[in-house]
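Descriptive analysis of the structure
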Amino acid sequence: TKNFFGCVKMSIRTKSKRLLVVTIAMSVFILLAFRYTDRSAAECLRKTIADSNAAPVTNPNFEEDQGNVVSGKEFSGDVLRQFPLQKRLFHGYRNVPRNPDSRSTHHCERWAVSTTIFEPTEAVRRLTHLPGWCLVVVADKRSPESYETGWVAGGNGEGNDRVVYLTTELQEAMRNEFVSSIPWNHFGRKNVGYLYAMKQGASVIWDYDDDNMLKYWIKDAATSNSMSIDNIIDEINRSEKITVSQPTSPNLNVYNPYPVLGAPTLPSWPRGLPLEVIKKPEYSNNTLLETEMNAKSIGVLQSLADYQPDVDAIYRITQPVPFWFQRSKETRHLMIPEGTLTPYNAQATLHFKPAFFALFLPMTVHSRVSDIWRSYFAQRLFWDADIRFGFMP
């Protein structure tokens, strides 16, 4: 972990290279969203990669890595593959034409994405009660053949069109190289759902697991605005500035937010936090500074989960679970300052459009840590793209 944080904090020496990193990440992932119907984009990608003479992006030890990645071994920092930075993807292709038949078939700007191997859960049913939301559930090989959620907000059965179940057959019928490259029975299948939501015109994506239930899913039922997902989105969309909290400790390379967010027992830490810092109070400084920030710079907001919070196996062995976060109704968003890293998950996370490129879940690591690696890589890119990440109350 020390090697990792040292590497990820290393500044890229020139501004042009920093922008190149962000541009590549955004371009590759977003472009894939349009490849379902746009073959010209696919040809563009093939030609560019062929011209770059880049080494194949393969890992001969993939199966071995799948087992070792959750074995407790430290991150080595060994280079497995390189990308030739002197080669620019999509160079010379400024306006790739869209297929005129690739229109959205849904009318939601707010989308939720989940994957499952179970029948519809209460968490899924609650989401279907949110007016103006669409839901895409991505199936895997162990998922049910059909997915009946029952009543959906919209009346007269019209609302049922807002729930999309991407069966394994539908995914295979896409005949898309990226979709086909995702391993079955892997958390990375969720990538198909992200791209589907983007294709349908999403402006915000609720990235969640089907066992994480919204506490307040009925309009105007929330005890405060900060407890309603719609109210949080509305406030950010309509505001130029928003008042937030952030840690005051300078020069922290990693921060543990759980103590300040109301974890009832100490030490307490999120899954993915380096274990060497969990007992060091300076990495979970409770002194917060209230400040105003540009609301449109917010890219990702992580929601806390009560009862079964997102903690690692060591926590569950040594600390009491379940627990509830003890937070005030007046708690503000806790934003992580630039230069500091904090893990976030894919279990209850709100992504705004500027941060859609950071939805991509790595597929060459174990499902249990795919979202954690995503969070660390994304935050390093956020610093160069002027995007902010934080925690909802």
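Since we're looking at a predicted model, the values are computed, not measured.

Before going further, it helps to spend a moment on the overall build of the protein. Scanning the protein from terminus to terminus reveals eleven helices and ten strands. Per-residue burial for the protein yields a buried fraction of 51% across its 393 residues. A separation of at least 24 residues holds for 80% of the contacts in the protein among residues at least 6 apart in sequence.

Next up on the list: the side chain of serine 114. As for its placement among the helices and strands, serine 114 is situated in strand β1 (residues 110-116). We classify serine 114 as buried; its relative accessible area is 1%. Polar contacts involving the side chain of serine 114 include one to the main-chain carbonyl oxygen of tyrosine 208, which spans 3.3 Å. Ignoring sequence-local partners within four residues, the contact set of serine 114 consists of Val136, Val137, Val138, Lys190, Tyr208, Asp209 and Asp210.

All right, on to the nonpolar core then. In terms of nonpolar packing, the biggest core is built from 32 residues, with Leu127, Trp206, Leu301 and Leu350 touching the most fellow members. When contributions to this core are tallied by element, the ones reaching two or more residues are α5 (122-128), β2 (133-139), β3 (163-166), β4 (204-208), α9 (229-238), β5 (241-247), β7 (298-302) and β9 (348-352). With near-sequence residues (within four places) excluded, leucine 127 lies in contact with Ala112, Trp133, Leu135, Trp206, Tyr208 and Leu214.

Quick look at the pairing of β5 now. Where burial is concerned, most of β5 is hidden: five out of the seven residues are buried. Here β5 pairs with strand β6 (residues 288-294) via seven bridges, running antiparallel. What sits directly across from threonine 243, in β6, is glutamate 292.

Here we come to empty space enclosed by the protein. Following the criterion strictly, the structure yields one cavity of 30 Å³ or more and no others. Roughly 130 Å³ of internal volume is contained in the largest cavity. Around the largest cavity, the lining comprises 18 residues; the ones closest to its centre are Tyr258, Gln302, Ser303, Asp310 and Asn345. Among the residues making up the lining of the largest cavity, the classes are represented as eleven nonpolar, five polar and two charged.

Once that is clear, we can look at the confidence of the model for the protein. As a note on interpretation, predicted positions should not be read in detail where pLDDT is low. Confidence along the protein averages 78 in pLDDT terms, with 68% of residues attaining 70 or more. Of the regions scoring below 50 in pLDDT, residues 32-69 engages in 64 contacts with residues more than four places distant in sequence or in other chains. Low confidence marks residues 154-159, where pLDDT is under 50. Its contacts with residues over four positions away, or in another chain, come to four contacts.

Let's shift gears to the state of the cysteines. Counted by the stated rule, this structure contains one disulfide. A sulfur-sulfur distance of 2.1 Å marks the disulfide that ties cysteine 108 to cysteine 134. Taking the sign of the S-S torsion, about 60 degrees here, the bridge from cysteine 108 to cysteine 134 comes out right-handed. In this pair, cysteine 108 is assigned in the loop between α4 (62-68) and β1 and cysteine 134 in strand β2, connecting sequence segments 26 residues apart. Of the residues examined, cysteine 134 reaches a relative accessible area of 0% and is grouped as buried.

Basis of the calculations
- Residues numbered from 1 in each chain as written.
- Predicted model: local features only at pLDDT ≥ 70, side-chain atom pairs only at ≥ 80, totals over all residues.
- Heavy atoms only, no water.
- Helix = DSSP H or I, 4+ residues; strand = E, 2+ residues; numbered from the N terminus.
- Buried < 20%, exposed > 50% of the residue type's maximum accessible area, 1.4 Å probe, protein only.
- Contact = heavy atoms within 4.5 Å.
- Polar contact = N/O pair within 3.5 Å; in protein donor to acceptor, adjacent residues only side chain to side chain.
- Core = buried A, V, L, I, M, F, W, Y, C linked by side-chain atoms within 4.5 Å.
- Pairing = 2+ DSSP bridges.
- 1 Å grid on protein atoms, 1.4 Å probe; cavity = no way out; pocket = protein on both sides within 12 Å on 5 of 7 lines; lining within 4 Å.
- Points joined across faces, edges and corners; volume = space filled by probe spheres on them.
- Nonpolar A, V, L, I, M, F, W, Y, C, P; charged D, E, K, R; others polar.
- pLDDT = per-residue confidence, 0-100.
- Disulfide = S-S within 2.5 Å.

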